Amino acid sequence: MVRLRRNRLANQADRHQLYQESVQDTETEIDFVEETWQALRNRPPELLREDFCGTANTACEWVRRGAGHYAIGVDLDEEVLQWGELNNLSQLTEEQQSRIQLLHENVLDTDPGLADIVLAMNFSYYLFLTREELLEYFHCVYAGLMDDGILFLDAYGGYDAPREIKEERECEGFTYIWEQASFNPIDSTMACHIHFEFPDRSRMDRAFSYYWRLWTLPEIREMLAEAGFSEITVYWEGTDQESNEGNGIYEPAEVGDADPGWVCYVVAQR
Ligand SMILES: C[S@@+](CC[C@H](N)C(=O)[O-])C[C@H]1O[C@@H](n2cnc3c(N)ncnc32)[C@H](O)[C@@H]1O
């Protein structure tokens, strides 16, 4: 029997839903933010600004965590913000919704009031291709934080990071494919794509594409210091002795392992 194209799984799937399921782990991310804030500050945080918020999944997790939690999500793309409104904010209670606001703005221009915490996750600031632009962004964040505010970033690298490769990971009901399509060693820019494949062999190619710069940790730390941040700490993942894989526990470190692929957090205190 001929299967109609529209009945194929790829045509029925929603790319934002697949992204949330395969890329994000907002609970773990907010666990890290809360634990780290608690270790560094003696007061509870209130306002979290999620830069490059996309569907604002993380901002929603923040407001769910406590009645004193407020969130602002900032993104340039109206379509993704609308999706977040319809699918994520709508899952919150009315009271929780009153503590979250989404802004259709450029993170370089936004000025929504001083935040305790700014988050820029899933390497979104790699989209700034020049030192000038990234430094401008770090200056904007610095100006947008309370005196004792903290910026949380993630970063990735390792000797596989600039390679032109594809990596697959099985998720519930689909395969997530990360493609590093091209890398230019002269300016460190790269084109990356996310594809999804389904059990009926249908595919959603280039569901998301990024053209970004593979920044290094020393560059990021030096620019954060230049923007005025007083304490910049890399939190490196520990290793599980049995599996020799990452154990999900991130601790302050000055020395990391020369792994093929690593992800870490950078915590910059104002
Ligand atoms: C890699 S996604 C990250 C989504 C989400 N933060 C996460 O953790 O998965 C990058 C997002 O940044 C947004 N973006 C890119 N440049 C931006 C800018 N200058 N200002 C605001 N948002 C921007 C894009 O629209 C996109 O939704």
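Above this note sits the structure.
Residues numbered from 1 in each chain as written. Predicted model: local features only at pLDDT ≥ 70, side-chain atom pairs only at ≥ 80, totals over all residues. Heavy atoms only, no water.

Section: the overall build of the protein chain
What the protein chain contains, in helices and strands, is 8 helices and 12 strands. With the principal axes as the frame, the protein chain shows a C-alpha extent of 65 × 45 × 40 Å. The 270 residues of the protein chain split such that 50% are buried. Taking as baseline every contact in the protein chain between residues at least 6 positions apart, the subset at least 24 positions apart corresponds to 66%. Summed over all atoms, the accessible surface of the protein chain reaches about 14000 Å², with 46% contributed by carbon and sulfur. Charged side chains of the protein chain number 21 positive and 52 negative; the gap between the two group centres comes to 7 Å. (Helix = DSSP H or I, 4+ residues; strand = E, 2+ residues; numbered from the N terminus. Buried < 20%, exposed > 50% of the residue type's maximum accessible area, 1.4 Å probe, protein only. Contact = heavy atoms within 4.5 Å. Areas by Shrake-Rupley, 256 points an atom, 1.4 Å probe, with all protein chains shown as cover. Lys, Arg positive; Asp, Glu negative; His and termini not counted. Charge placed at Lys NZ, Arg CZ, Asp CG, Glu CD.)

Brief notes about unusual backbone geometry
Here Ala 56, not a glycine, exhibits a phi torsion of approximately 60°, which is positive. Summarising the element assignment, Ala 56 is placed in the loop between strand 1 (47-51) and helix 4 (57-65). Ala 56 gets classed as buried once you look at its relative accessible area, which sits at 0%. For Asn 122, which is not a glycine, the phi torsion comes out positive at approximately 55°. Structurally, Asn 122 can be placed in the loop between strand 4 (115-120) and helix 7 (131-143). Look at Asn 122 and you get buried, because its relative accessible area is 17%.

Overview of the environment of Gly 144
Among the secondary structure elements, Gly 144 is positioned in the loop between helix 7 and strand 5 (145-157). Taking the C-alpha atoms as reference points, Gly 144 and Asp 109, separated by 35 residues in sequence, lie 11 Å from one another. Those residues within four positions of Gly 144 in sequence are excluded, and the remaining contacts are Arg 49, Gly 113, Leu 114 and Ala 115.

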